[in-house]
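# Architecture and fold: a report
So the chains spell out like this:
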Amino acid sequence: LLEWKPKRSTMRPLQSSARLARVGAGSRVSTSSSPSSSSAPAPPRRRSSRAPRSATSVGSALASQVVPSLPYELQEGVEQGMWSWQERNCSVRYQKAGVSNADAPAVVLIHGFGGNCDHWRKNIGPLARSCRVYSIDLLGYGYSDKPCPKDYGEPNELYNFYTWADQINAFLEEVVHEDGTACRDTVLVCNSVGSVAGLQAIASDAKRRGPGSKFDYRGIALLNPSLRLLHVKKQAPLARPFVKAFQSFLRETPAGEVFFSQVAQPRAIENILKEAYHDPSAVSQELVSCVLNPGLQPGAVKVFLDFISYSGGPLPEELIPEMPCPVELIWGEEDPWEPIEVGRKEYSGFDTVRNFVTLPGVGHCPMDEAASTVNPLIADFVKDVC
């Protein structure tokens, strides 16, 4: 939620070669598909497998696994717990619902930058009527552990899309499909930068299993996915050294912590959310608390400063055409951070994209701002692909 993005683009919408749909006032308009756009392959995986240089990096993981209290009541049937991710010696908070229905497919909800499980509080219960539903706090966010990134060497060695992809796949094996008897069909539903983590998780799993192997992922729905406009490949060549210098300045000097202290305030979070959401009335004090409270935990500032300097790694346009399963794009038309015109141009032409659904009058976080519209769209997608 706190990622720096340029204001809305003024370019005119471009024609998409994917099937397009516009949701609102009971209308849906679609166009036929045409050949996909070309794209460069995803870069090789950079795995942060090195051990931390000191015990402080995993210190928070040694704390007791206490389930946090929340500023809202969990919906009926929703449970909350902590998972011990052994590979990283870290604790991860997650929520689940509908898990007793062993024949139902699994849906895993992945939040965006600055978010956590609680951003899906309006979705997990309704989706559990027909699915086994899980939401997870990515490492460094929510109430998951927050190892110090400096103990892992270079910037972004720990907090990157490859680490989160490993986390998602490990969560599936160790929690979602733990008993081995339930349906293994799995759909990821992701928002913002969580979309890149979800795409990378599927790409990594496909590479690990190899061609012809049995594959659990049946689809991925991307809600206002990150365009990664600050990626080094998208920066003007002359701007790159200045962007890198500014990122280093925030990460390595006290200025970064001062900046974070100004952002991590109720009024500041409320203002940021009101920029992201088209309807300001959707920004409640409950929502502000859901976003702010985890950000006040020890270690959160280091995670924040490390990730805002992350300008490398995979791009959605590199991963989407490589998906071995259908991709559903759902986009709030009023997103000021991820302009829908750019998303339509960049992503909708790939053969792997099943639909490009637009949501009038909705901003960057449609699962929360327009839950009553988004939940049926997700449920229909899961039904179709599973």
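Residues numbered from 1 in each chain as written. Predicted model: local features only at pLDDT ≥ 70, side-chain atom pairs only at ≥ 80, totals over all residues. Heavy atoms only, no water.

Looking now at the pairing of strand 4 (residues 106-110). Burial runs high along strand 4: five of the five residues are buried. Alternating residues of strand 4 divide into Ala106, Val108 and Ile110 and Val107 and Leu109, and every residue in both groups is buried. In this sheet, strand 5 (residues 132-136) lies alongside strand 4 in parallel orientation, the contact comprising five bridges. Across the sheet, Leu109 pairs through a bridge with Ser135, a residue of strand 5. Looking at chain direction, strand 4 and strand 6 (residues 186-192) are connected through five bridges and run parallel. What sits directly across from Leu109, in strand 6, is Val189. (Buried < 20%, exposed > 50% of the residue type's maximum accessible area, 1.4 Å probe, protein only. Helix = DSSP H or I, 4+ residues; strand = E, 2+ residues; numbered from the N terminus. Pairing = 2+ DSSP bridges.)

Let us look at helix 3 (residues 194-209). If you check helix 3, its first and last C-alpha atoms are 23 Å apart, about what 16 residues at 1.5 Å a residue would give, namely 22 Å. Among all positions of helix 3, only Gly194, Ser195, Val196, Ala197, Gly198, Leu199, Gln200, Ala201, Ile202, Ser204 and Asp205 are buried. Against strand 4, helix 2 (161-176), strand 6, strand 7 (217-225) and helix 9 (316-319) lie the buried residues of helix 3. Residue Gly210 follows helix 3 closely and has a positive phi angle near 85°. (Expected span 1.5 Å × (residues − 1). Contact = heavy atoms within 4.5 Å.)

With respect to the helices and strands, Glu317 occurs in helix 9. You can call Glu317 buried: its relative accessible area is 12%. Within the structure, Glu317 has its side chain in polar contact with the side chain of Lys234 (distance 3.0 Å). (Polar contact = N/O pair within 3.5 Å; in protein donor to acceptor, adjacent residues only side chain to side chain.)

What follows covers the side chain of Gln167. Structurally, Gln167 can be placed in helix 2. Of the polar contacts made by the side chain of Gln167, one reaches the backbone oxygen of Asp137; its length is 3.0 Å. Excluding its chain neighbours within four sequence positions, the residues that come into contact with Gln167 are Trp83, Trp85, Val92, Ile136, Asp137, Leu138 and Leu139.

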